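A closer look at the structure
So the chains spell out like this:
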Amino acid sequence: MDDKIKFELEFVIQASPQLLYQYLSTPSGLSEWFADNVNLKGEVFSFIWDGSEEEAKLLKRKSDEFVKFAWVENDDDSFFELKIIVDEITKDVSLFITDFAEEDEVDEAKMLWTNQVTDLKQVLGSK
């Protein structure tokens, strides 16, 4: 298996860190933009898209700041992290995403995240 490539994306989101965190850390929030349906059992989130299910373990979280998940089926150290960054001067809120993908799938993964975040912005009423 090839090593996965780490990549990072940043999106400006016009929402409070507290509101944004709810959409990143709760099954109901994540099901609004990230997956068709999301269930939680303990620390394991089940994400459902078009009838297929993927499980991710919540590795770490800090209220109003970040959540970090690892896909259960992955046997490597890859993870995906959704971090809320607030610019100290402008108070602009950004969503900073860290993820991993196979080398030939990085562009596709970035496009997928961009589409997902577009949905998130619509749900939040952000531009």
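What comes next concerns the included structure. (Residues numbered from 1 in each chain as written. Predicted model: local features only at pLDDT ≥ 70, side-chain atom pairs only at ≥ 80, totals over all residues. Heavy atoms only, no water.)

**Details of the sheet that holds strand β2 (residues 37-41)**
The sheet built from 7 strands is open, its strands ordered β1-β7-β6-β5-β4-β3-β2 with antiparallel pairing. Strand pairing shows two members of the sheet lacking a second neighbour, β1 (5-12) and β2, which therefore form its edges. Here the strands of the sheet are splayed against their neighbours by 25 degrees on average, with no regard to which way each runs. The pairing of strand β3 (residues 44-49) with strand β4 (residues 52-62) spans 6 bridges and is antiparallel. Each bridged residue has a counterpart across the sheet, and for Trp49 the counterpart in β4 is Ser52. Most of the contacts of helix α1 (residues 17-25) go to strand β6 (residues 80-86), to which it runs at about 175 degrees, and overall it touches β3, β4, β5 (66-71), β6 and β7 (93-101). Packed on one face of the sheet, helix α3 (residues 106-124) meets β1, β3, β6 and β7 and runs near 25 degrees to β1. (Pairing = 2+ DSSP bridges. Helix = DSSP H or I, 4+ residues; strand = E, 2+ residues; numbered from the N terminus. Axes fitted to C-alpha atoms, helices over the stretch in contact; angles between N-to-C directions. Contact = heavy atoms within 4.5 Å.)

**Structural notes on the environment of Val123**
Mapped onto the elements, Val123 comes out in helix α3. The spacing of Val123 and Glu32 is 91 residues in sequence and 7.1 Å in space, taken between C-alpha atoms. With residues up to four places along the chain from it excluded, the contact list for Val123 reads Tyr23 and Glu32.

**Structural notes on the nonpolar core**
Ile13, Leu24, Trp33, Phe34, Phe47, Trp113 and Leu120 are the most contacted members of the largest nonpolar core, which totals 34 residues. Within the residue set of this core, elements represented by two or more residues are β1, α1, β3, β4, β5, β6, β7 and α3. At 6 residues, the largest contribution of residues to this core is made by α3. In this structure, Leu24 is in contact with Leu30, Trp33, Val67, Phe69, Leu82, Ile84, Leu95 and Leu120, ignoring residues within four places of it in sequence. (Core = buried A, V, L, I, M, F, W, Y, C linked by side-chain atoms within 4.5 Å. Buried < 20%, exposed > 50% of the residue type's maximum accessible area, 1.4 Å probe, protein only.)

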